[in-house]
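Topology and contacts: notes
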4 protein chains.
Amino acid sequence: MSEPFVHRERVRFGDLDAMRHLNNVVYLRYFESARIAFMSQLSPGHSPANPERGDFGFIFAECHINYRSPVHFDEEVEVRCSVGEVRRSAFRIDFRMEVGDRLCAEGYGWLVGFDYGAERAMQLPGELRARLEAEAQTAAG
Amino acid sequence: MSEPFVHRERVRFGDLDAMRHLNNVVYLRYFESARIAFMSQLSPGHSPANPERGDFGFIFAECHINYRSPVHFDEEVEVRCSVGEVRRSAFRIDFRMEVGDRLCAEGYGWLVGFDYGAERAMQLPGELRARLEAEAQTAAG
Amino acid sequence: MSEPFVHRERVRFGDLDAMRHLNNVVYLRYFESARIAFMSQLSPGHSPANPERGDFGFIFAECHINYRSPVHFDEEVEVRCSVGEVRRSAFRIDFRMEVGDRLCAEGYGWLVGFDYGAERAMQLPGELRARLEAEAQTAAG
Amino acid sequence: MSEPFVHRERVRFGDLDAMRHLNNVVYLRYFESARIAFMSQLSPGHSPANPERGDFGFIFAECHINYRSPVHFDEEVEVRCSVGEVRRSAFRIDFRMEVGDRLCAEGYGWLVGFDYGAERAMQLPGELRARLEAEAQTAAG
C-alpha cells in the first residue's frame, strides 16, 4: 500500500499579504508546486518545464479551493495530494493543506490530456490511466 | 441601469510561466485585484490594505475557476465582476475574463463578513447587504 | 527630440507585503515590465516571450536598486527608463520610479547581447547599437 | 568559529519565466527569504511579519545583484549570507547563490535601522551592532 503524497512549503515573508496571513493566491501556487511534484512521481519523464520534449501533456482546466483557516509566517504547510475521479481524457487531483493537525484549505484541480503537437485534447495514455485508477482506489480505500 | 464593473490587466512578462501562457495562478491574482477594486466601489471606505481602521471586513472563503482559453504576453484582459448570490453573512462575486470577445476564464469567489475585533464571522451590515442585493438583481436582469 | 519612455503600474493589493508597502522585490518586477516595454520600442520585433524566433537576444546580467521612499496601495507608479552607457556587447538601462513628484526608487540594469543559437555572448547588432547610442545621448542631453 | 548561514530553495515551476530559467526577479525573492531567516538568527525576536510589536526595525535601502549563470527547474539553490560592512545605523548583507559548486549569482543588500514609532532612521542598538561586527569579522576571516 502506497504512502499518500505530501509536498511541504515553509511560508515565506513574500507569501504573506497586507493582512499578514498567507495570501489566498499563494495557496494556489502551493497546490501548483505540489501537483507538479505529484505528477512527476506518477508519470516519470513528464517535465512541465520542457514541454516540447514530448507531445503529450496536460492542461490545467479547473480548480476549486475552500479556505479553512489562516496560515502564518514561517509555518510549515503540508500539501497532501491524491487522485480523485479518472475519466477518459481527464482526471482530478484532490488536495488538503495542513499545518500540524490544523486543516488550512482543501480543494481540487482538473487536468485534461493534451496533444501539444496537434493542439487538441487527447485521451490519457493507457498506462497512465491504469496508474491513476490504481491511485484513485488507494485514495478512496 | 448601472454599467457592469470591468477591471483591466495587461499581461506582463512576469505573469507568464514556462509554457509561455498566462500562468494559472495569476488568473486568481487578476481576480483578486478586480474584486478589491469592485468592493471599493460597492463599499467606499473599505480598504484592504489598512484593515485595522475599521472592525468590519471580509474573509475570502472559497474560489472556483474554469479556464477556457490560454492568454498571451501583452494581451489586455478584461475582468468583469458582478454580485451573484447574497446571504445573511456572505456573498458571491462572479467573474469572467475576456480578451476581446474571447472568453478566457470564468468563476467566482465567496466573501464572508468578518468582525476583526471579535475575530468571528458576522452578518453583513444592512446598508451593504441592500446594495449587494440591488447589484445582484442588476447582474441577473 | 524624443519623449522619455514611461511605463505605469498601479499598485495592486498583491504587490504589498506584510509591512503594507510595495514589497522591495516588486520594484524589480516593475522594472522588468518597464524594461521589456522600452526594449520593444527600441528594437521592434524583439519578443521576450518567444525567444526562439530569432537567434539574437539579451541576458539580464546585473541590477541595482536604491529605494528612496515607500509606495502604497493603489498609487500610480511611473517608471522612467533611459539608455545609459553603451558598450560593444552590452548596455545599461537606467530607471527612476516616481509617484507624482515623489522619487520612490532609482537604479539600473545591464543587458548583454546573447546568441541563443550558439549560447554565448555576442556584439550588439550595428543598427541597434546606433539606436541605443542616440538614445543615450538624448538621455544625457 | 561559526558556520556560514545557508538558506535553501528548490526551484518551483512558478519561479520560472518564459525563458524556462529562474526569473531574475525571483533571485531577489530568494535573497529576501534568506536575509530574513539570517536576521532572525542574528537578532532573535525580530519578526518581519509583526513589525508593530517592537519599535526597532530595518528598512531595505539598496540592493545589487550580479547574475552569473542560469538556474533550472527543481534545482536546489543554496543562498549563503554573511555580514559585510557595519556602520552606525546601517549594515550590508552579502550573498552568494550556488547550485552545487556552480555560482549562480552574488550581490548584497543594505539594511538601515529604523524607529517605526518615530518614523525615522536610528542607530543600531549596541548589542546588535557588536553581534554584526563579530559576524563581519568571521566572514572576512
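On a predicted model such as this, the values are computed, not experimentally measured, just so you know.

Another point: empty space enclosed by the protein. A complete count under the given rule lists one cavity of 30 Å³ or more for this structure. As a volume, the largest cavity reaches approximately 760 Å³. As for the largest cavity, its lining consists of 38 residues, and the residues nearest its centre are R29 of chain A, R29 of chain B, G14 and R29 of chain C together with R29 of chain D.

This paragraph deals with the interface of chain D and chain A. Opposite the 17 residues of chain D that make contact, chain A presents 17 residues. At the boundary of chain D with chain A, total buried surface from both sides reaches about 1,600 Å², with 56% on carbon and sulfur atoms. Run the count over chain D and chain A and you get two salt bridges. R12 of chain D is paired through a salt bridge with E9 of chain A; the nearest N and O atoms lie 3.1 Å apart. Applying the counting criterion to the chain D and chain A interface returns two residue pairs in polar contact (both at pLDDT 80 or more). Counting residues per element, the side of chain D that touches chain A draws most heavily on helix α1 (residues 24-42) of chain D, at five residues. A class-by-class count of the residues in the side of chain D that touches chain A yields eight nonpolar, two polar and seven charged.

For chain A, the average pLDDT comes to 91, and 94% of its residues sit at 70 or higher. Across the assembled chains, the prediction reports ipTM 0.94 with pTM 0.95.

Further remarks concern the relation of the copies chain A and chain B. Superposition record for chain A on chain B: RMSD 0.0 Å, screw rotation 180°, translation along axis 0.0 Å. Such a turn and shift between the copies fits a two-fold axis. Taking the C-alpha atom as reference, chain A places H64 of chain A closest to the rotation axis, 2.2 Å from it. The overlap is high: 100% of the interface residues of chain A also sit at the interface in chain B, so the same surface is used on both sides.

All right, on to the packing of aromatic side chains then. A complete count under the given rule lists 28 aromatic pairs over all chains for this structure. Here the aromatic rings of Y67 of chain A and F60 of chain B are separated by 5.5 Å at their centres, their planes lie at 50°, and the arrangement is tilted. Of this pair, Y67 of chain A sits in strand β2 (residues 56-67) while F60 of chain B sits in strand β2 (residues 56-67), which puts the two residues in different chains. The residues Y67 of chain A and F60 of chain B share a single accessibility class, namely buried. Between the aromatic rings of F31 of chain D and F60 of chain D, the centroid separation amounts to 6.3 Å while the plane-to-plane angle is 65°, which identifies the pairing as edge-to-face. In this pair, F31 of chain D is assigned in helix α1 and F60 of chain D in strand β2 (residues 56-67), connecting sequence segments 29 residues apart. Overall, the relative accessible area of 11% leaves F60 of chain D in the buried class. Here a set of aromatic residues connected by ring pairs shows up, and it is made of Y27 and Y67 of chain A together with F31, F60 and F95 of chain B. Over the aromatic face of F60 of chain A sits the side chain of R35 of chain A, whose NZ or CZ is 3.7 Å from the ring centroid.

Residue and element names in this part refer to chain B. As defined by bridge partners, strand β1 (residues 5-10) adjoins strand β3 (residues 76-86) across six bridges and the pair is classed as antiparallel. Bridging across to β3, R10 finds its partner in E76. Examined bridge by bridge, β3 and strand β4 (residues 90-99) share seven bridges and lie antiparallel to one another. Along β4, the bridge assignment pairs C81 with F95. In sequence, β3 turns back onto β4 through a hairpin of three residues.

Interhelical geometry of helix α1 (residues 24-42) of chain C versus α1 of chain D gives an angle of 175° and a closest axis separation of 9 Å. In terms of orientation, α1 of chain C and α1 of chain D fall into the roughly antiparallel class. Each of N24, V25, V26, L28, R29, E32 and R35 of chain C in α1 of chain C lies in contact with α1 of chain D, whose residues at this interface are N24, V25, V26, L28, R29, E32 and R35 of chain D. Its residues assigned to classes, the contact of α1 of chain C with α1 of chain D shows six nonpolar, two polar and six charged.

One frequently used descriptor of interface size is the decrease in accessible area upon assembly of the parts. Counting from both sides, the interface comprises 25 residues of chain A and, opposite them, 25 residues of chain B. Buried area between chain A and chain B, both sides added, is near 2,000 Å², and the carbon and sulfur share of it is 56%. Linking chain A with chain B are 15 residue pairs in polar contact (both at pLDDT 80 or more), by the criterion used here. Elements that contribute at least two residues to the side of chain A that touches chain B include exactly α1 (24-42) and β2 of chain A. One ladder, built from five bridges, connects β2 of chain A with β2 of chain B; its direction is antiparallel. The partner of H64 of chain A across the bridge, within β2 of chain B, is H64 of chain B.

The next point concerns the relation of the copies chain D and chain A. Its rotation angle being 180°, the transformation that places chain D on chain A also includes 0.0 Å of axial translation and leaves an RMSD of 0.0 Å. By residue overlap, the copies meet face to face through one surface: 100% of the interface positions of chain D are interface positions in chain A.

Another aspect to go through is the state of the cysteines. Within the structure shown, the criterion is met by zero disulfides over all chains. Unpaired in terms of disulfides, C104 of chain B finds its nearest cysteine sulfur in C81 of chain B, a separation of 14 Å. Relative accessible area serves as the criterion here: at 1%, C104 of chain B is assigned to the buried category. Unpaired in terms of disulfides, C81 of chain D finds its nearest cysteine sulfur in C63 of chain D, a separation of 13 Å. The exposure class of C81 of chain D is buried, given its relative accessible area of 3%.

Residue and element names in this part refer to chain A. Of note in this structure, R20 is not a glycine but carries a positive phi near 65°. Position of R20 among the secondary structure elements: in the loop between β1 (5-10) and α1. The exposure class of R20 is buried, given its relative accessible area of 13%.

What follows deals with the pattern of salt bridges. Applying the stated rule across the entire model yields 68 salt bridges over all chains. Measuring nitrogen to oxygen at the nearest pair gives 3.8 Å for the salt bridge that ties R8 of chain B to E76 of chain B. With R8 of chain B in strand β1 and E76 of chain B in strand β3, this residue pair connects regions lying 68 residues apart in the sequence. Taking the relative accessible area as the measure of exposure, R8 of chain B reaches 46% and is therefore partly exposed. Counted as one network, the salt bridges with shared partners bring together R8, R10, R68, D74, E76, E78, R80, R96, E98 and E106 of chain A.

Ranked by internal contacts, the top residues of the largest apolar core, which has 82 residues, are F91 and M97 of chain A together with F91 and M97 of chain B. What F91 of chain A contacts, discounting residues up to four positions off in sequence, is M39, F58, E85, V86, G109, W110, L111, L124 and L132 of chain A.

Conventions we followed
Residues numbered from 1 in each chain as written. Chains lettered and ligands numbered in written order. Predicted model: local features only at pLDDT ≥ 70, side-chain atom pairs only at ≥ 80, totals over all residues. Heavy atoms only, no water. 1 Å grid on protein atoms, 1.4 Å probe; cavity = no way out; pocket = protein on both sides within 12 Å on 5 of 7 lines; lining within 4 Å. Points joined across faces, edges and corners; volume = space filled by probe spheres on them. Contact = heavy atoms within 4.5 Å. Buried area = accessible area lost by both parts, 1.4 Å probe. Salt bridge = Lys/Arg side-chain N within 4 Å of Asp/Glu carboxyl O. Polar contact = N/O pair within 3.5 Å; in protein donor to acceptor, adjacent residues only side chain to side chain. Helix = DSSP H or I, 4+ residues; strand = E, 2+ residues; numbered from the N terminus. Nonpolar A, V, L, I, M, F, W, Y, C, P; charged D, E, K, R; others polar. pLDDT = per-residue confidence, 0-100. Least-squares fit on C-alpha atoms with pLDDT ≥ 70 in both. Phe/Tyr/Trp six-rings, centres within 6.5 Å; stacked < 30°, edge-to-face > 60°. Buried < 20%, exposed > 50% of the residue type's maximum accessible area, 1.4 Å probe, protein only. Lys NZ or Arg CZ within 6 Å of the ring centre and 35° of its normal. Pairing = 2+ DSSP bridges. Axes fitted to C-alpha atoms, helices over the stretch in contact; angles between N-to-C directions. Parallel < 35°, antiparallel > 145°, perpendicular 65-115°, else oblique. Disulfide = S-S within 2.5 Å. Core = buried A, V, L, I, M, F, W, Y, C linked by side-chain atoms within 4.5 Å.

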